[in-house]
Amino acid sequence: QFSRTKYEKFLLSNNFSAALYEKNLKDEVTNKLLFNYVSGGVFPPSFLVKNVYDYQNKKITVQSISLNSLYKKEQDFDEASIKKYTDDNRDSLREDFISVRFASINPLSLVDSEEFNEFFFKKIDEIENLVINGSNFEKIIKDYNLNVTPIKSINKKGDNENGILQENISQGLVSKIFELKFKKVNDINLLEYENEFALVIIDEIKNSIPNIASKKFKEKIIKDLINRNIFEYNAKLMAQIKKSSFTESDFVKLAKLSQTDIKDISINGIRDNNFLSIKSNKKIFGLREKSFTLVNEIEKNKTFLVWIKEIEKPSLDKASDEYNKYYHEAIIGLKNNIYSSFDHYINQKYKVEINYKTLERLKNYF
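Model, not experiment: these values are computed from the prediction.

With that settled, the discussion passes to the packing of aromatic side chains. Inspection of every chain in the model, using the stated rule, returns 16 aromatic pairs. With centroids separated by 5.8 Å and ring planes inclined at 80°, the aromatic side chains of Tyr71 and Tyr233 adopt a geometry described as edge-to-face. Taken together, the residues Tyr71 in the loop between strand E1 (59–66) and helix H4 (79–88) and Tyr233 in helix H10 (residues 215–242) connect sequence positions 162 residues apart. Tyr233 sits in the partly exposed class, given a relative accessible area of 25%. Among the aromatic residues, ring-to-ring pairing joins Phe2, Tyr7, Phe10, Phe16 and Tyr21 into one connected group.

Once that is clear, we can look at the sheet that holds strand E5 (residues 196–208). The sheet built from 4 strands is open, its strands ordered E3-E2-E5-E4 with antiparallel pairing. The open sheet has two edge strands with one neighbour each: strand E3 (149–154) and strand E4 (188–193). Looking at each pair of strands side by side, their axes are set apart by 30° on average, direction ignored. Sheet topology note: the strand E2 (residues 95–105)/E3 ladder contains 4 bridges and is antiparallel. The residue of E3 that forms the bridge with Arg101 is Pro150. Against the sheet, helix H9 (residues 171–179) contacts E2, E3, E4 and E5, and its axis sits at roughly 135° relative to E4.

The next point concerns the nonpolar core. Ranked by internal contacts, the top residues of the largest apolar core, which has 17 residues, are Ile105, Leu110, Phe120, Ile127, Leu146 and Leu199. Among the elements that line this core, the one with the most residues is helix H7 (residues 118–132), at 4 residues. Setting aside residues up to four positions removed in sequence, Phe120 forms contacts with Ile105, Asn106, Pro107, Leu110, Val111, Glu115 and Phe197. Counting 16 residues, the second largest nonpolar core, distinct from the first, contains Leu173, Val174, Ile177 and Ala198.

This part takes up the sheet that holds strand E8 (residues 302–312). Within the open sheet, the 4 strands sit side by side as E6-E1-E8-E7. Their pairing is antiparallel. On the outer flanks of this sheet lie strand E6 (263–268) and strand E7 (292–297), each paired with one strand and no other. For this sheet the average axis-to-axis angle between neighbouring strands, irrespective of direction, equals 35°. Pairing of E1 with E6 involves 6 bridges; the strand directions are antiparallel.

Rules behind the numbers
Residues numbered from 1 in each chain as written. Predicted model: local features only at pLDDT ≥ 70, side-chain atom pairs only at ≥ 80, totals over all residues. Heavy atoms only, no water. Phe/Tyr/Trp six-rings, centres within 6.5 Å; stacked < 30°, edge-to-face > 60°. Helix = DSSP H or I, 4+ residues; strand = E, 2+ residues; numbered from the N terminus. Buried < 20%, exposed > 50% of the residue type's maximum accessible area, 1.4 Å probe, protein only. Pairing = 2+ DSSP bridges. Axes fitted to C-alpha atoms, helices over the stretch in contact; angles between N-to-C directions. Contact = heavy atoms within 4.5 Å. Core = buried A, V, L, I, M, F, W, Y, C linked by side-chain atoms within 4.5 Å.

Written as structure tokens, this is what we have:
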């Protein structure tokens, strides 16, 4: 049932006027009706149905080699490499470290009960009101007889600057503290986490590089160096493939260099994940015969160089049930093209301004 009161309350809470909201709603419904009307008249020709069927059901024979043995390992990076990487990337390696004091609040500590009862939540509301009204942290602690735990300089993982995990604070609470949008020194917050509450005051915020001698920091640097080496190696290989300068003989040489056997694999349709994942299959199925590509199998933690040896296309009988199935898939594909065209039109009409400083910062981070 429509409630005028609830409707008006909704509008007010979302800063809408009734006229603006109803116009937006009408435009949205009109757009939907238009697209349903246009896409409802889409009928794919038989060659398009066959293309969809061929793409998903062709049999592809590939040869692959694992590249993992060609990547650098942990032992390949010495102290000088770690120091140089740290010096070159000081800004991106900086982390936020926050010092806090907090008091865990649960029924036992607040109302001497093991139950989350009405009296407990009444006390929580009182504390919340005091926080909102700018009450003093020490006064709240004293009035409600709460125990305070100080924590010195932790990052979002709960580690201190020496990479040691601080076990006297829950990771759930650490996450909640770092989720705070406007963190400032002397900020007091009442946070809910893991079926508990905590009254938290921020004593210090600093942005610095962790202790470079710590084990965890070194592990992070080595992981970054390994990932950078993998990226650079793969990028160089892909550049050769794109220029068509990588040949079958290069493929064989690389297999010998990596001391890896060349594997022959038959992929019977895009959903055949007996060796490679469906995500990798989609990449392979979009390529032509005798071409190369790299596929990253995340679950296996392996990267493969793949050569597409042969492609066999299947046949589709127009009278079969299969034809019906792929007929509907072809319709969906055409509808998606219509929607994509509209998106492209909107993107061309309404230009988006890019904040290049933020974009560069993100690029540097990755």
